[in-house]
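Chains, contacts and geometry: an overview
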Amino acid sequence: MLFFSWTCDQKVYVKTFLRQKGVSRRQLAKIKYHGGTILVNNKRVGSKYFLSLGDQVTIIYPPEGSQDQIMAVDFPLEILYEDRDYLIVNKPAGYTSIPSQFKDEYSMANFVKGYFVRKNYENQVIHVVTRLDRFTSGAMIFAKHKYAHSQIDQLMQSGGINKQYLAFTHSAIDSDQHGLIEAPIGRKEGSIIERCVRADGQHAKTEYWLEDSQAGLYRYRVQLHTGRTHQIRVHFAYLGAPLCGDDLYGGSQEAGLAGQALHCQRLAFKQPLTQEDLVIEAPLSQDFKTWLASYQKGDA
């Protein structure tokens, strides 16, 4: 049973109070008409009940059930963090975030569904919070219920999630150790996949720090300030430093890498429902480490 409880600090209607807590009209309708409950001081009330100072307001969400269109697939997830509201996993390269309607391939959503089924969770609907490209690895957030999803979406929109990546190139962006790339990104003409910098694109901002360079390999730490499709890949290629392995945007072919050398290494945010400060680190895969080691040894 999923429930949340607050102490009322004002005289308002229940529905107004819940809206202030981030419970949407759609969620409130689910609670009212699909098996949920609103309690005030442990007594069941309607959404038009008028609250007094100090009232204890509790909402009980109805079970979300399953999600038949997403197949449960047994896969050994690397779990970085889990609580009642969120699951954060270390996504391996080579898998999409969600199932494709065009290809019969398994995705991270399928693997998380399999995990939820194995754990016999009451809510088995998959709420993808942060997506990663197919060949980008690293930390990926899933919400475990609708309310958690809506709350972390608001956090993302306000810039409250700090996402940092590791990116590797064979060319330096410029002579600066640190910089900002602000260049609008839009869909490339004639392609449904490829993006490019174009004047009529969406605002996109990427910050980078050069952390190391050796044997013709540059390691950048990258922070996203916006969330455009292929943003890091497009911005780096635009400045003449395509990511290693990123053949879509002019990167080199790399033995040992199936795609671009990009990894979401770190997430930092305040858990919106508990207010706990979270810092999540995602280690590189063994394949990624082996590829890096080949440059350090001079074998690449």
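Residues numbered from 1 in each chain as written. Predicted model: local features only at pLDDT ≥ 70, side-chain atom pairs only at ≥ 80, totals over all residues. Heavy atoms only, no water.

Points about the nonpolar core
Ranked by size, the top nonpolar core spans 48 residues in total, and within it I141, F142, F236, L267 and F269 carry the most contacts. Residue contributions to this core peak at six residues, all from helix α3 (residues 108-118). Not counting the four nearest positions on each side in its chain, F269 is found in contact with I88, I141, I152, L155, G160, I161, E276, D277 and L278. Counting 19 residues, the second largest nonpolar core, distinct from the first, contains V23, V40, L51 and I59. (Core = buried A, V, L, I, M, F, W, Y, C linked by side-chain atoms within 4.5 Å. Buried < 20%, exposed > 50% of the residue type's maximum accessible area, 1.4 Å probe, protein only. Helix = DSSP H or I, 4+ residues; strand = E, 2+ residues; numbered from the N terminus. Contact = heavy atoms within 4.5 Å.)

A closer look at unusual backbone geometry
Positioned with a positive phi, N42 is a non-glycine residue whose angle comes to about 70°. Following the sequence through the fold, N42 ends up in the loop between β2 (37-40) and β3 (43-44). Positive phi outside glycine occurs at H230, with the angle close to 60°. Within the fold, H230 resides in the loop between β14 (217-224) and α5 (231-238).

Concerning the sheet that holds strand β1 (residues 2-7)
With antiparallel pairing, the four strands of this open sheet are ordered in space as β1-β4-β2-β3. Edge positions in the sheet fall to β1 and β3, since each of these pairs with one other strand and no more. Sheet topology places β2 next to β3; two bridges connect them, and they run antiparallel. Its bridge partner lying in β3, V40 is registered against K43. (Pairing = 2+ DSSP bridges.)

Section: the UniProt feature "active site" (unreviewed entry) in the protein chain
The UniProt record annotates "active site" (unreviewed entry) at D133. Take D133: it is sitting in the loop between β7 (127-128) and β8 (137-143). Dropping the residues within four chain positions of it, D133 is found in contact with K91, Y95, H230, R233 and Q260. (UniProt positions renumbered as here; feature names shortened; annotations may be inferred.)

So, a positive patch on the surface
There is a patch of like positive charges on the surface, built from K15, R19, R25, K32 and K48. Those elements that place two or more of their residues in the positive patch are α1 (14-20) and α2 (25-33). (Patch = residues over 30% accessible without salt bridge, like charges linked within 9 Å, V, L, I, M, F, W, Y side chains within 5 Å. Areas by Shrake-Rupley, 256 points an atom, 1.4 Å probe, with all protein chains shown as cover. Salt bridge = Lys/Arg side-chain N within 4 Å of Asp/Glu carboxyl O. Lys, Arg positive; Asp, Glu negative; His and termini not counted. Charge placed at Lys NZ, Arg CZ, Asp CG, Glu CD.)

A short note on the pairing of strand β5 (residues 79-82)
In summary, the side chains of a regular strand alternate between the two faces of the sheet. Sheet topology note: the β5/strand β6 (residues 86-91) ladder contains three bridges and is antiparallel. Its bridge partner being in β6, Y81 is matched across the sheet by I88. The turn linking β5 back onto β6 is made up of three residues.

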